[in-house]
Amino acid sequence: AQAILAHVLGTSTMASISAAPSYLPLALIDKCIGSRIWIIMKGDKEIVGTLRGFDDYVNMVVDDVREYTFTPEGKKITHLDSILLNGANITMMVPGGDPEESDSKGAGGVAK
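Residues numbered from 1 in each chain as written. Predicted model: local features only at pLDDT ≥ 70, side-chain atom pairs only at ≥ 80, totals over all residues. Heavy atoms only, no water.

J.: Teacher, can you tell me more about the overall build of the protein here?
T.: For the protein, the helix and strand inventory stands at three helices and five strands. Mapped from its N terminus to its C terminus, the protein presents α and β elements in the order α-α-β-β-β-β-β-α. Every one of the 112 residues in the protein was classed for burial, and the buried ones make up 27%. Look at the contacts in the protein between residues 6 or more apart in sequence, and 42% of them connect residues 24 or more apart. (Helix = DSSP H or I, 4+ residues; strand = E, 2+ residues; numbered from the N terminus. Buried < 20%, exposed > 50% of the residue type's maximum accessible area, 1.4 Å probe, protein only. Contact = heavy atoms within 4.5 Å.)

J.: Just checking my understanding: could you explain the nonpolar core for this structure?
T.: For soluble globular proteins, the rule of thumb is that nonpolar side chains tend to be buried together. Membership of the largest hydrophobic core comes to 14 residues, with the highest contact counts inside it found for I39, I47, L51, M60, V62, L85 and I90. Elements supplying a minimum of two residues to this core: strand 1 (36–41), strand 2 (45–54), strand 3 (60–71) and strand 4 (74–85). The residues touching L51, leaving out its near neighbours within four places in the chain, are I29, C32, I33, G34, S35, I37, M60, V61 and V62. (Core = buried A, V, L, I, M, F, W, Y, C linked by side-chain atoms within 4.5 Å.)

J.: I tried to follow the environment of G53 on my own but got confused; where do I start?
T.: By the secondary structure assignment, G53 is in strand 2. Not counting residues within four places of it along the chain, the set of residues in contact with G53 comprises I33, N59, M60 and V61.

J.: Where do I start with the environment of L80 in this structure?
T.: By the element assignment, L80 lies in strand 4. Discounting chain neighbours no more than four positions away, the residues touching L80 are D64 and V65.

J.: I keep staring at the pattern of salt bridges and nothing clicks. Help me out?
T.: Close approach of charged atoms allows side chains with opposite charge to pair. Within the structure shown, the criterion is met by four salt bridges. For D64, the salt bridge goes to R36, with nearest N and O atoms at 3.4 Å. You can see D64 sitting in strand 3 and its partner R36 sitting in strand 1, a full 28 residues away along the chain. Between K45 and E67 there is a salt bridge, with its nearest N and O atoms 3.5 Å apart. With a gap of 22 residues between them, K45 in strand 2 and E67 in strand 3 connect regions that are remote in the sequence. (Salt bridge = Lys/Arg side-chain N within 4 Å of Asp/Glu carboxyl O.)

J.: I tried to follow unusual backbone geometry on my own but got confused; where do I start?
T.: Negative phi characterises most residues that are not glycine, and trans characterises most peptide bonds. For V58, which is not glycine, the phi dihedral falls at a positive 65 degrees. Relative to the helices and strands, V58 is located in the loop between strand 2 and strand 3. The phi angle at D64 is positive, at roughly 50 degrees, despite the residue not being glycine.

J.: What exactly am I supposed to notice about the confidence of the model for the protein here?
T.: Note that predicted coordinates carrying low pLDDT should not be read in detail. For the protein, per-residue confidence averages 81 on the pLDDT scale, and residues scoring 70 or more make up 71% of the total. Across the protein, strand 2 holds the top mean pLDDT of 97, while helix 1 (residues 2–9) sits lowest at 48. Low pLDDT, under 50, characterises residues 3–8; the stretch is placed with four contacts to residues that sit more than four places away or in other chains. This stretch, residues 106–112, has a pLDDT under 50; its non-local contacts, to residues over four places away or in other chains, come to seven contacts. (pLDDT = per-residue confidence, 0-100.)

Listed below in structure tokens is the structure:
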């Protein structure tokens with residue numbers, strides 16, 4: 001394949017584009033299975049739990065869940081054994097992250 005591409009491009013040798021490893025998004029999520037993950041959803045919800053699995057649409061099964069709902073009255077925390085999340089509603093994932101840890105840190109990441 002490299003010889004064909006080299007012929008089409010008019011070069012006899014091909015240089016490496018990057019020596020650094022690159023990961024596709026689904027491969028990165030796959031590395032998080034069995035680990036804690038912080039999931040920020042569309043709207044006013046955040047989920048923290050242990051990722052058990054996901055599919056090509058990034059629908060996720062999460063166990064040992066804390067669900068944070070943010071309202072004008074304040075933050076509500078709900079504990080759930082397990083949850084199935086629709087991937088279309090996920091906006092960001094933070095492997096190993098936890099909003100409680102973020103709240104307890106001051107400037108420079110020093111705990112208060």
